[in-house]
Amino acid sequence: MPEGATEHVIEHEQGHRQIAEHYYQTADKVAEQIAAAYLGKQVSASGVDVNAEVNKLLQQIGAEIAAEYSKKLNPDLAQNRYDDITDHSRNDVSAAEAVTQVLKDVQ
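Thresholds applied
- Residues numbered from 1 in each chain as written.
- Predicted model: local features only at pLDDT ≥ 70, side-chain atom pairs only at ≥ 80, totals over all residues.
- Heavy atoms only, no water.
- Buried < 20%, exposed > 50% of the residue type's maximum accessible area, 1.4 Å probe, protein only.
- Helix = DSSP H or I, 4+ residues; strand = E, 2+ residues; numbered from the N terminus.
- Arc of directions from axis to C-beta.
- Contact = heavy atoms within 4.5 Å.
- Salt bridge = Lys/Arg side-chain N within 4 Å of Asp/Glu carboxyl O.
- Core = buried A, V, L, I, M, F, W, Y, C linked by side-chain atoms within 4.5 Å.
- Patch = residues over 30% accessible without salt bridge, like charges linked within 9 Å, V, L, I, M, F, W, Y side chains within 5 Å.
- Areas by Shrake-Rupley, 256 points an atom, 1.4 Å probe, with all protein chains shown as cover.

Peer 1: Mind showing me how you'd approach helix α4 (residues 76–86) here?
Peer 2: Given 3.6 residues to a turn, an α-helix orients residues that are three or four positions apart in the same direction. Along α4, the residues classified as buried are Ala-78, Gln-79, Tyr-82, Asp-83, Ile-85 and Thr-86. Each buried residue of α4 sits inside an arc of 160 degrees when the element is viewed along its axis, so together they form one side. Every exposed residue of α4 that faces more than 90 degrees away from the buried side is listed here: Leu-77 and Asp-84. Packing partners of the buried residues in α4 comprise α1 (7–24) and α5 (95–105). Just downstream of α4 lies Asp-87, where phi reads positive at about 50 degrees.

The structure is reproduced here in structure tokens:
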């Protein structure tokens, strides 16, 4: 928060926090769903340096999992909509009302 921020700006930023918390309430379930697709999955690696190939494969799989997680748990649309409604806290729209509207709209 900027030093000397007004109460209106502080409330606006708290609205962003509330939206993020809403999305992360289900983060563990999203992670479980993604992980379920990888449990028991068999992969093979070969090459001159098998350890290096295995590490490369594990990094690739980890990147796939992280990308899918980010895609499924992406609060950006809601956060951007919130900023549109509140004009980045420059208008008089209540942060609480904007949060309620955003979470209703994106469900």
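From this point, things continue past the structure.
Peer 1: What am I meant to see in the pattern of salt bridges here?
Peer 2: Two side chains carrying opposite charge are able to pair once their charged atoms lie near each other. Applying the stated criterion across every chain yields a total of four salt bridges. A salt bridge links Arg-17 to Glu-21; the nearest nitrogen and oxygen atoms lie 2.8 Å apart. In this pair, Arg-17 and Glu-21 are both assigned in helix α1, four residues apart and thus about one turn of the helix distant. Judged by relative accessible area, which is 42%, Glu-21 ranks as partly exposed. In this structure, Arg-90 engages Asp-87 in a salt bridge whose closest nitrogen and oxygen atoms are separated by 3.2 Å. We classify Arg-90 as exposed; its relative accessible area is 61%.

Peer 1: What exactly am I supposed to notice about the nonpolar core here?
Peer 2: Nonpolar side chains tend to gather and get buried jointly when the protein is soluble and globular. One finds Ile-19, Tyr-23, Ala-78, Tyr-82, Ile-85, Ala-95, Ala-98, Val-99, Val-102 and Leu-103 forming the largest nonpolar core, which totals 10 residues. Among the elements of the structure, α1, α4 and α5 are those that each provide at least two residues to this core. Tallying contributions element by element places α5 first for this core, with five residues. Non-local contacts of Val-102, meaning those with residues more than four positions away in its chain, are made with Ile-19, Ala-78, Arg-81, Tyr-82 and Ile-85. One finds Ala-27, Ile-34, Ile-61 and Leu-73 within the second-largest nonpolar core, a separate group that totals six residues.

Peer 1: I'm lost on unusual backbone geometry in this one. Help?
Peer 2: Apart from glycine, the bulk of residues carry a negative phi angle, and the bulk of peptide bonds sit in the trans form. Phi at Asp-87 is positive, roughly 50 degrees, even though this residue is not glycine. If you trace the backbone, Asp-87 turns up in the loop between α4 and α5. Despite not being glycine, His-88 has its phi angle at roughly 55 degrees, a positive value.

Peer 1: What exactly am I supposed to notice about the side chain of Gln-79 here?
Peer 2: When you line up the elements, Gln-79 lands in helix α4. With a relative accessible area of 14%, Gln-79 lands in the buried category. The contact partners of Gln-79, leaving out residues within four places of it in the chain, are His-16, Ile-19 and Ala-20.

Peer 1: What should I look at first to understand a nonpolar patch on the surface in this one?
Peer 2: A cluster of nonpolar side chains, contributed by Val-50, Val-54 and Leu-58, occupies part of the molecular surface with about 230 Å² of accessible area. Along the chain, Val-54 turns up in helix α3 (residues 50–72).

So yeah, pure geometry; function would need other evidence.
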